[in-house]
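Examination of the molecular architecture
Residues per chain, in single letters:
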Amino acid sequence: MTRERFDPITLELLWTRFISATDEAAAALVRTSFSTLVRESYDFSCIITDESGQSLVQATQSIPSFIGTLPATVKHFLEKYPIDKLQPGDVLITNDMYQGSGHLPDVNLGKPIFYQGRMIGYAATCAHAPDIGGKIRSPEPREVFEEGLQIPIMKMIAAGEVNETLVDIIRKNVRTPDQTMGDLWAQVVALDVMEARTIALLKDAGLDNLRDLSTEIHTRCEAAMRTAIREVPDGVYRSALDIDGQLDAPAHLEMAVTVAGDTIDIDFTGTSPQVDRAINSAMCFTFAQTVYGVKCMLAPNLPNNEGSFRPITIRAPEGCIVNPVFPASGGSRMLTGHFLGSMVLQALGQVLPNRVMASPGSPHWGMNQSGVKNGKPYANMLFYSGGIGANSLRDGISCLQWPGNTSCTPIELAERIAPFRIKYKRLRPDSGGPGEFRGGLGQEILFENRSETPIAVSFLTEHILYPPLGIAGGQPAACGILEINGQPAHAKRQHILNKGDTVLLATPGGGGLGDPKLRNGARVEHDLKQGYITDDAPYR
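Residues numbered from 1 in each chain as written. Predicted model: local features only at pLDDT ≥ 70, side-chain atom pairs only at ≥ 80, totals over all residues. Heavy atoms only, no water.

1. Concerning the environment of Glu216
Tracing the backbone through its elements, the reader meets Glu216 in helix H6 (residues 211-230). Spatially, the C-alpha atom of Glu216 lies 8.5 Å from that of Leu11, the residues being 205 residues apart in sequence. (Helix = DSSP H or I, 4+ residues; strand = E, 2+ residues; numbered from the N terminus.)

The following block contains the structure:
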């Protein structure tokens, strides 16, 4: 089949079948994984690329940031192991901060797909490991060396033979050897599924390779993105944001979005320098989060692949907090990187006001713990979301995150995997920013430590100093709160909990949109009845 024969119907059939292949791989990964990070929070991605590492398709459940990082990792695989150094049965691995997703817990696996004796593409996955050694995930580490085991690009499996030395090294360096390796083998299962389904598709479609199909998909998606960009008036649109940073030393982000014809250039000049804490966003993560913001605003229904991002360039001064240099740490890079999509909305919202939402209560909040349970070391991460910002059509959604899409950890599961009793988990009244359209609510979770031995906890938090902002006359949301034993606690430091100690997480809401005095009276009464707001809310 030649490229000219990819009529719209044929292309749609092939495209949806590819999506089904990655979705099946994602389902296999979830079903065979060991950790809650994959099984419950869906912190993973599955993609298929062509032979040059250009992404073709991703699983529906994929994490947005991996859309941008995982194809780049496959290209790094190809640089280290060109096609003539690959053979059927190979599986490559890395968690390199700068060539992966921006922090060590995300482990990337890739498998070259061979058909009719030639390498025609790659199946690849990235998943957040339950533990990667080092200091438990927190903003505290000053260098990447403190953050855990670094796996350079190498073959985990060579021609079907497992690298047992690597497996032993991984198991020896993590607190959860069975879970960490169990998730890696689940990723291998996902790779096998994508490989098998890709080969079956090629056979059924009469194709010899993915090259022509890749060119067709990328060309169409690139053209669609360029069309969307041309609808934006040419100009330079700026946004700026102060974030909690290290709390003791907040950080400043600057963005200039230049629209010229059918291209967009985004420059972070003016952003704070990198810091000796693990909140630096490696350029791979910065790119992914930024282009995702552009895509959400200009072409949200366009398929996620390499062609969609070709008209967009991202620049950041070397050594700034969104483009740090080795050996900067970045284990908590989402505390910086998750703001970048909102900054794109803030910048382009100046000329496209009906396509934006107020600031969300993201980044998502997390509590990482490490200790001894039933005589064995354990480590895990619990995720909890704030509220989504309001937009011109509706109120923000409560307890949902953007730009990430990991799920909140259920109470029953948290109590089973960690020595906590959760006293309550409830919506947080008045946390959504007031407006004609109200911001989504955050949540309050009170934990009680039941462990007989001390446990170490660290937190991923933001919006403690600076609230999520409202737009178009809408008011800011409530800031987040972290308390230990009823007292404010430093959110960017590790803490030790003894039996009976309590932790309160109160996540921020989303910003409001429009003057609160213009809010429909029936909606105000509904919110009061449901307990979403109190009589103190400024609607009257």
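2. Brief notes about the packing of aromatic side chains
Overall, the coordinates contain seven aromatic pairs when judged by the stated rule. Ring-pair connections join several aromatic residues into one group, and the members of that group are Tyr98, Phe145 and Phe326. Above the ring of Phe285, the side-chain terminus of Arg333 is found at 3.9 Å from the ring centroid. (Phe/Tyr/Trp six-rings, centres within 6.5 Å; stacked < 30°, edge-to-face > 60°. Lys NZ or Arg CZ within 6 Å of the ring centre and 35° of its normal.)

3. Points about the side chain of Asn305
Examined against the element boundaries, Asn305 turns out to sit in the loop between helix H7 (283-298) and helix H8 (306-309). Sequence-distant contacts of Asn305, defined by excluding residues within four places in its chain, comprise Trp15, Ser55, Leu56, Ile217, His218 and Cys221. (Contact = heavy atoms within 4.5 Å.)

4. Structural notes on the domain arrangement of the protein
Here the domain parsing of the protein yields domain 1 (8-222) and domain 2 (357-540). For domain 1 versus domain 2, the separation of C-alpha centres amounts to 32 Å. The partner domain 2 presents 25 residues to the 21 residues of domain 1 that form the contact. Between domain 1 and domain 2, a total of about 1800 Å² is buried, with carbon and sulfur atoms accounting for 57% of that surface. Inspection of the region where domain 1 meets domain 2 yields two residue pairs in polar contact (both at pLDDT 80 or more). Counting residues per element, the side of domain 1 that touches domain 2 draws most heavily on helix H2 (residues 36-39), which supplies three residues. A per-class count over the side of domain 1 that touches domain 2 returns seven nonpolar, six polar and eight charged. (Domains from an automatic or database assignment. Buried area = accessible area lost by both parts, 1.4 Å probe. Polar contact = N/O pair within 3.5 Å; in protein donor to acceptor, adjacent residues only side chain to side chain. Nonpolar A, V, L, I, M, F, W, Y, C, P; charged D, E, K, R; others polar.)

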